[in-house]
Structure formats: C-alpha cells, structure tokens
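# A closer look at the structure
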Amino acid sequence: VDISWPSPYNIGSGLYNVGNTCYLNCVLQCLIHTPPLLRILDHHSAQICSKDGDFCLTCSLGLIAKRAHDNSGRPFIPTPVTTHIQRIAGHMEHGRQEDAHEFLRYVVEAFHRDLIFSNENDGPEKANWVNQIFGGRLRSRITCRGCGHNSEKMESNLDFSLEIDDISTIQDAFERFTSAEYLSGANQYQCESCMRLYNAKKQLLIQEAPVVLTVHLKRFSSQGHKLTHRVDFDEKLSLGPYMTDTQLRPSYRLHGVICHVQIDSNSGHYYAIVQSRDGRWFKMDDEFVHEADPPLNHRSAYVLFYLREDESVTATAGLRPRGMVGRLTGAQDGGIAFVGYGSTSRNADHNHITAFSETMRNIQGSKALPSVGQVEGVRLERRVINPYHSIYAFPAENGRLRPAHGL
C-alpha cells in the first residue's frame, strides 16, 4: 500500500453544514485527507465502476475529494453524499444529529458493498483495498488452567473502540483493551480439549495491524452521558506491546482527529483537524478552514486517525500475493479460482489462501463457498473475514501450494 500523498492533493476546502451535517463533514474531511484512500479515490471512476448509475460511495467521495482539492478554497455542499445518507446508513435521517463514529463505520461498510460491483474486483489487491487500508486482525485466546490447552479465534477488525473511563492516556486504553480476563466461579470455561470445566485466562491481542489505524475513544455511555476528561495521545504511537508477536512493532503517525464539543445536554458539534501534504495542521469546521496547532492531547478528541509509517506497509495486513494456485473442490458454482498467500503471521499454525469468484459479486456470493474443500489434494478450511471475503487455511506442514503461474 502506497501511503504517500498523490499529486496534486494538499489541503481541501470547507464543507457547508446543511442541517446538522457536521458529523458527516468531519468524517469526509478525515477520509479525503488520508493519502492511501485518496489514491484509491483518484483511481476509481465511473468507467471502472459497474454500478450502472446506481449510488456508489467510492465514486461520490472521489468527486468530493477532487472538488475539495481543486485549490479554489471555496466551500461547497458535499451533495454526492448528503443526498444519499440513507443509502449509506439506513436509519440515519437528514437534519438529525448523528454520531460521527457510527457514520464512519457505515461509510466503510458501504465501501465494501461498492467493491462487489466494481470492475476493480478482478484481483485481490484491488478487490480488497478496504481491508488493505483499514483492516487488521485480532486474536482471542482462552487458556485452560487445567490442561493448558489454548483455544484461539481470529477476528477481523476495521477500527478500535477503546473504553476511557478512568483512563488518562491512549496507551492505558490499549493496555485495558488487551488485558487478560480470568474466567472462574460461575464463569468457568468448558475446555474443548479436556472437556471439563476449569478456570481459564482469556486475552485479546492484535495479530495483524492495519495501515490506517482508527481509534474511537468511547466518550458516550449507553445513557448518553459524555466523558469529557482529557485522554493524552502523542503524534507517534507504537502497537508493539499489544501484538501477539511483540517483536513486531508497527509504528504510526497521527494524521487526523475528529473532535466533539458539547454545547448543552442535548446537542453538540463535530469538527476535524487534519494534516496536509506539507505537514501543516488545519481545523476543518464545516465551511471554515484555518491553520491550527497539532491536536495532541486535545480534550475534545473523539476519533483518532493514525497512518502506519514502518516498512511493513508494503505488505498490508501481512498478506503477500503468490499467484493463482488452483480451484477448490466442493464449491457450489463448480469450482472457485484461488489466489495464494504466504503465512499471515509469524506463528506456524497455518498458512492461508484467499478465495474470489464471480458469485462474490452479489451480496450473498460468499454463501457459495464451502466450509471445507481441497486444492491439489490439500484440505482447506474456510474462515470468513467479512460477508464478501473468505480465507482458507491449510496446515503449515503441507508447505506452500505451488503457484500455477507467475505473480
């Protein structure tokens, strides 16, 4: 993934608030100032999009990015998105106050939907650009205190929502997120190996780190109460202490912040602070754009955007293309073409390959993929990443499947 700024993008113009759309404007500003996403938006066009005039968020955001960065400095209404809010998030209504982080999640989901219909969906690197930019993986491990067996489950994630009550730094929040939980008493764990109830340790760690790290500070309770205290965060952040392999130390640099200011008990206001191509910071407050100080330790910070800057970004989420490896037996459509990958982590448990097929162009396409199949006589087990993307795992002792042709 190329994390450099595409030319000629630098700092965009403001976006008019057309009735409680500050939550939308600040999300769009952070996204159109995220360099690897800008590259996708700059490349995407109606000519390679197969939605046949239907709403495509990737096309729409691309139009907004190009207009915002046209160097005119004139604010405008982001009409390609504001007129389709319910196509992005069905329950959100125009003119109503909404949550910026919730809207951001729906935007990423809409990107996934766009990919199903895009002509770019011809290969894994393009078809999976959402996961390549925003995606990571978490490992949940439960260790039985009786027999010592480890039960592991891998989960894909596109952002981190961190509890911040009684938390003063972002490092403390990640420490809590990855801290061990002990299962005992009425919560004892029934081990899948020894089949007995025992005390157990449960822990969630980061298996694979994303290129764009999105951190949501959970300031709002389910009752609507807001935590207003400051949570310290630096311009630089390392996820090393929270990884399954602590020798991997993915490093990040802050490049955007969504802020929320409480106006009264029933209303608030969002704005964004983003970094430009030349390293300056700007406050994007609806139609107003002003140069600003770096937003470090900002008391109103709600969502943080960090951009990975270590050498691993060229191998997003640990996946390296290895070429076509064959077809899966047992698929309902008569066989699925695969693209092979090397190991996605440094543990020796599994290697992986990723499946793509024409059936995956519709929203239920992944249902055509069997849970177990074979390629070249090697047994493969399916692991769903999201509704449109599956990974198949094979034991490491089988070695790598040989590519049928070059990369």
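Just so it is clear, the model here is predicted, and its values are computed rather than measured. (Residues numbered from 1 in each chain as written. Predicted model: local features only at pLDDT ≥ 70, side-chain atom pairs only at ≥ 80, totals over all residues. Heavy atoms only, no water.)

### So, the environment of Ile40
Put simply, the rule is: What counts as a helix is a DSSP run of H or I of at least four residues, what counts as a strand is a run of E of at least two, and both are numbered from the N terminus. Should any heavy atoms of two residues lie within 4.5 Å, those residues are considered in contact.
Checked against the element boundaries, Ile40 lands in helix H2 (residues 35–43). Setting aside residues up to four positions removed in sequence, Ile40 forms contacts with Trp129 and Ile133.

### Focus: the packing of aromatic side chains
By convention here, two paired aromatic rings are described through the distance between centres and the angle between planes. Quick note on the threshold: Pairing of aromatic rings covers Phe, Tyr and Trp, the last through its six-membered ring, and needs centres within 6.5 Å; plane angles under 30 degrees mean stacked, over 60 mean edge-to-face, and all others mean tilted. Only protein chains enter the accessibility calculation, which uses a 1.4 Å probe; a residue is then buried when its area is under 20% of its type maximum, exposed when over 50%, and partly exposed in between.
Counting across every chain of the model gives seven aromatic pairs. A centroid spacing of 5.3 Å and a plane angle of 20° characterise the contact between Phe174 and Tyr242, whose relative ring orientation is stacked. You can see Phe174 sitting in helix H9 (residues 170–177) and its partner Tyr242 sitting in the loop between strand S9 (236–238) and strand S10 (251–264), a full 68 residues away along the chain. Taking relative accessible area as the criterion, Tyr242 reaches 3% and is therefore assigned buried.

### Focus on the sheet that holds strand S2 (residues 150–157)
Definition in use: Strand pairing is assigned whenever DSSP detects at least two bridges linking the two strands. Lines fitted to the C-alpha atoms define the axes, with helices restricted to the stretch that makes contact. Angles between their N-to-C directions range from 0 to 180 degrees.
Read across the sheet, four strands follow the order S2-S1-S7-S4 without closing on themselves; strand pairing throughout is antiparallel. The sheet terminates laterally at S2 and strand S4 (181–183), the two strands that pair on one side only. The average undirected angle you get between the axes of adjacent strands in this sheet is 25°. Where strand S1 (residues 136–144) and S2 come together, eight bridges link them in antiparallel fashion. Within S2, the residue paired with Arg141 across the bridge is Glu152.

### Observations regarding the nonpolar core
Keep this limit in mind: Think of a nonpolar core as a cluster: buried Ala, Val, Leu, Ile, Met, Phe, Trp, Tyr and Cys residues, connected wherever their side-chain atoms sit within 4.5 Å.
Phe103 and Ile258 are the most contacted members of the largest nonpolar core, which totals 53 residues. Setting aside its immediate chain neighbours within four residues, Ile258 contacts Cys26, Val27, Cys30, Ala100, Tyr270, Tyr271, Ser300, Ala301, Tyr302, Val303 and Phe305. One finds Phe174, Ile206, Met243 and Val257 within the second-largest nonpolar core, a separate group that totals 29 residues.

### Some points on the pairing of strand S3 (residues 160–163)
What you see with S3 is a clean split: Phe160 and Leu162 sit on the buried side and Ser161 and Glu163 on the side with no burial. Two strands pair when backbone bridges link them, and S3 and strand S8 (residues 212–218) are joined in this way by four bridges, in the parallel orientation. Opposite Ser161, over in S8, you have His216 as the bridge partner.

### A look at the confidence of the model for the protein chain
Fine structural detail should not be taken from predicted coordinates in areas where pLDDT scores are low. Threshold: Residue-level confidence of the predictor is summarised by pLDDT, bounded by 0 at the bottom and 100 at the top.
Averaged over the protein chain, the pLDDT score is 80; the fraction of residues at 70 or greater is 71%. Across residues 332–367 the pLDDT falls below 50, and counting only partners more than four positions away or on other chains, this stretch makes 126 contacts in the model.

### A short note on helix H3 (residues 57–68)
Heads up, the rule is: A helix is expected to span 1.5 Å for every residue after the first.
In this model H3 runs 16 Å from its N-terminal to its C-terminal C-alpha over twelve residues, within 8% of the 16 Å that 1.5 Å per residue would give. The buried count for H3 comes to nine of twelve residues, which makes it a mostly enclosed element. Listing the buried residues of H3 in full gives Leu57, Thr58, Cys59, Ser60, Leu61, Gly62, Ile64, Ala65 and Ala68.

### Here's the deal with the pattern of salt bridges
As a reminder, the rule being used: By definition, a salt bridge exists where a carboxyl oxygen of Asp or Glu is found within 4 Å of a side-chain nitrogen of Lys or Arg.
Applying the stated criterion to the full structure yields 16 salt bridges. Residues Glu93 and Arg96 are paired through a salt bridge, measuring 3.9 Å at the closest nitrogen-oxygen approach. By relative accessible area, which is 34% here, Arg96 ends up partly exposed. A salt bridge links Asp165 to Arg176; the shortest N-O distance between them is 3.2 Å. One end of the pair, Asp165, is in the loop between S3 and H9; the other, Arg176, is in helix H9, and eleven residues separate them in sequence. With a relative accessible area of 34%, Arg176 lands in the partly exposed category. Through salt bridges with shared partners, a single ionic network connects Glu93, Arg96 and Glu98.

### Examining unusual backbone geometry
Residue Ser7 is joined to Pro8 through a cis peptide bond whose omega torsion reads 5°. The residue Pro8 is located in the segment before helix H1 (22–31) in this model. We note that Asn20 has phi near 60°; this positive angle belongs to a residue other than glycine. Tracing the chain through its elements places Asn20 in the segment before H1.

### Focus on the state of the cysteines
Put plainly, a disulfide is one covalent bond tying together the sulfur atoms of two cysteines. Threshold: The definition used for a disulfide is geometric: two cysteine sulfur atoms within 2.5 Å.
For the coordinates displayed, the defined rule picks out zero disulfides. Looking at Cys26, it has no disulfide partner, and the nearest cysteine sulfur is the one in Cys30, 6.5 Å off. Note on Cys26: relative accessible area 1%, which makes it buried. Cys191 supplies the cysteine sulfur nearest to Cys194, a cysteine that is in no disulfide, at a spacing of 3.8 Å.

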